[in-house]
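Structural description and commentary
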Amino acid sequence: MQLMIPAISIKAALDGFAVLGFNTSNLLNATGIDPELFQDPFASVPDELFGQLWMHAFKQDPDPTLPTRVGLAVPYNAFGLLDHMVGSSTTIGEAFHVLNLFLWLVSIDMSLDFDHRHGDWVWVLNDPPVPARFISEQWTLAVIFQRFRQRMYGFRIEEVHLSQSTTVPTERFEQYWEVPVRLGQHATGFRLAAGVWESPNQESDPMLQQTLRTVAEQVQIKQFEEAPLIYAIRTRLPEALREGQFSADDIAQELGLSRRTLQRRLSSENITFQQLLDIYRQEQAMQMLQNGETSMIDVAYTLGYTEQSSFNRAFLT
């Protein structure tokens with residue numbers, strides 16, 4: 001099955017290339033992408049075209065800092081719905097969680113991981129890993145950094161880790177990130193300055209965010225209808241959680257499938273049952289907590305966690 005990605009991500013990259021002076025028409029011609037695709041904000045293109053775009057760009061500018069520079073150049077609003085959903089969050093920490101929950105609007109193989117054990121780290125993950133993953137990870141991290149720096153008052157980072165290995169001095173990267181950069185690391189991410197995670201967002205607009213979430217969920221339903229098994233599983237999760245019967249075995253039985261068949265068919269859609277369950281729980285938890293309808297412990301039990309500590313580990317850390 002051919003892996004598809006939202007066309008809006010390629011359009012955003014092209015916007016960044018344009019700011020740096022690239023001839024985007026030549027880049028499009030080299031990859032064979034039809035510019036009319038960008039008229040539909042929810043169109044998709046083969047994932048391989050994103051790699052081809054960068055390959056042709058590196059032929060013109062082989063500097064290893066290119067993904068950082070292009071990411072920093074992507075203008076605000078290039079990601080439309082997602083940009084404004086994140087920008088209307090109550091706090092910077094909530095904005096990161098919202099970004100992660102709805103990152104599927106612009107990327108199907110990227111996610112964020114938050115580590116608060118040694119400072120507030122934000123990691124960009126590429127799953128499944130792809131060749132030259134440092135390009136997409138570094139570009140994504142730079143896009144995130146620039147957006148938060150532009151729109152969130154008080155946003156600051158103190159250190160950057162990049163998975164890219166290169167003989168280019170780190171100073172070349174530091175002139176763009178403006179903080180210490182460490183290359184050749186196990187993952188790509190940055191550490192927020194102390195207190196930034198809890199900082200309020202001065203442009204918070206809960207009503208706007210709720211409206212945008214409603215729009216995003218409608219898009220999500222449209223996508224799930226194109227993958228009937230995933231849609232069928234998600235529609236059964238609310239009742240399954242209430243009944244306490246939400247394991248892969250339980251859902252497979254409900255659908256009249258063996259667990260092995262369920263796993264095999266989900267694998268063909270590039271997702272696992274646990275990932276579906278985790279995504280659903282995160283979406284519902286964010287919704288419940290934002291609306292202030294219930295306590296933290298009630299949210300945990302409603303979503304099938306036997307202890308609040310389990311919920312905390314899965315969602316809040």
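Predicted, not measured: the structure shown is a model, and the values here were computed from it.

1. Let's talk about the overall build of the chain
- Counting its regular elements, the chain contains 15 helices and seven strands.
- When the 317 residues of the chain are sorted by exposure, 50% land in the buried category.
- Long-range pairs, those at least 24 residues apart, make up 66% of the contacts in the chain between residues at least 6 apart in sequence.
- Accessible surface, the chain: about 15,200 Å² in total, of which carbon and sulfur atoms supply 50%.

2. A word on the pairing of strand β7 (residues 188-192)
- Taking burial as the measure, the five residues of β7 include four buried ones, the bulk of the element.
- The sheet contact formed by strand β4 (residues 120-126) and β7 spans five bridges and is antiparallel. Paired with Val124 across the strands is Thr188, a residue of β7.
- Strand direction decides the pairing type here: strand β5 (residues 157-161) and β7, joined by four bridges, are antiparallel.

3. Considering the environment of Ile279
- As for its position among the elements, Ile279 is in helix α13 (residues 273-291).
- When the C-alpha positions of Ile279 and Leu101 are compared, they lie 7.2 Å apart, and in sequence the two are 178 residues distant.
- Apart from residues no more than four positions distant in its own chain, Ile279 is found in contact with Arg234 and Ile271.

4. Quick word on the sheet that holds β5
- Here five strands make up an open sheet; going across it, the order is β3-β4-β7-β5-β6 and the pairing mixed. For this open sheet the edge positions go to β3 (110-115) and β6 (181-182), each flanked by a neighbour on one side alone.

5. Some points on unusual backbone geometry
- Phi angles above zero are rare outside glycine, and Asn77 is one such case at about 90°.
- Mapped onto the fold, Asn77 is located in the loop between α4 (66-73) and α5 (81-87).
- Exposure remark for Asn77: the relative accessible area of 42% places this residue in the partly exposed category.
- In the Ramachandran plot, Glu178 falls in the positive-phi region, its phi being about 65° despite a non-glycine side chain.

6. What to know about the pattern of salt bridges
- The full count for this structure, using the stated rule, is eleven salt bridges.
- Its salt-bridge partner being Glu137, residue Arg133 comes within 2.8 Å of it at the nearest N-O pair. One end of the pair is Arg133 and the other is Glu137, both in helix α7 (residues 133-151) and four residues apart, which spans about a single turn.
- For Arg133, a relative accessible area of 29% gives the class partly exposed.
- A salt bridge links Glu178 to Arg149, with the nearest nitrogen and oxygen atoms 3.7 Å apart. With Glu178 in the loop between α8 (170-177) and β6 and Arg149 in helix α7, this pair connects stretches of sequence that are 29 residues apart.

7. Points about the pairing of β4
- For β4, a buried count of six out of seven residues is recorded, marking the element as mostly surrounded by other parts of the structure.
- In this structure, β3 lies alongside β4, joined through six bridges in antiparallel fashion. Within β4, the residue paired with Phe114 across the bridge is Val122.
- Counting the residues in the hairpin turn of β3 and β4 gives four residues, including Gly119, whose phi is positive at 95°.

8. Describing the packing of aromatic side chains
- Overall, the coordinates contain 19 aromatic pairs when judged by the stated rule.
- Between the aromatic rings of Phe79 and Trp139, the centroid separation amounts to 6.3 Å while the plane-to-plane angle is 65°, which identifies the pairing as edge-to-face. Of this pair, Phe79 sits in the loop between α4 and α5 while Trp139 sits in helix α7; the two residues are 60 residues apart in sequence, bridging distant segments of the chain.
- For Trp139, a relative accessible area of 6% corresponds to the buried category.
- Summarising the aromatic geometry, the rings of Phe96 and Trp197 are spaced 5.7 Å apart at their centres and angled 0° between planes, so their arrangement reads as stacked. Taken together, the residues span a long stretch of sequence, with Phe96 in helix α6 (residues 92-101) and Trp197 in the loop between β7 and α9 (206-225) at a distance of 101 residues.

9. Brief notes about the side chain of His56
- Within the secondary structure layout, His56 lies in helix α3 (residues 48-60).
- Not counting the four nearest positions on each side in its chain, His56 is found in contact with Leu27, Ala30 and Thr31.

10. A few points about the side chain of Asn126
- As for its position among the elements, Asn126 is in strand β4.
- Here Ser136 takes part through its side chain, which lies 2.9 Å from a polar atom of the side chain of Asn126.
- Dropping the residues within four chain positions of it, Asn126 is found in contact with Asp109, Met110, Arg133, Ser136 and Glu137.

Rules used in this analysis
- Residues numbered from 1 in each chain as written.
- Predicted model: local features only at pLDDT ≥ 70, side-chain atom pairs only at ≥ 80, totals over all residues.
- Heavy atoms only, no water.
- Helix = DSSP H or I, 4+ residues; strand = E, 2+ residues; numbered from the N terminus.
- Buried < 20%, exposed > 50% of the residue type's maximum accessible area, 1.4 Å probe, protein only.
- Contact = heavy atoms within 4.5 Å.
- Areas by Shrake-Rupley, 256 points an atom, 1.4 Å probe, with all protein chains shown as cover.
- Pairing = 2+ DSSP bridges.
- Salt bridge = Lys/Arg side-chain N within 4 Å of Asp/Glu carboxyl O.
- Phe/Tyr/Trp six-rings, centres within 6.5 Å; stacked < 30°, edge-to-face > 60°.
- Polar contact = N/O pair within 3.5 Å; in protein donor to acceptor, adjacent residues only side chain to side chain.

Keep in mind that these numbers describe shape and distance, not what the molecule does.
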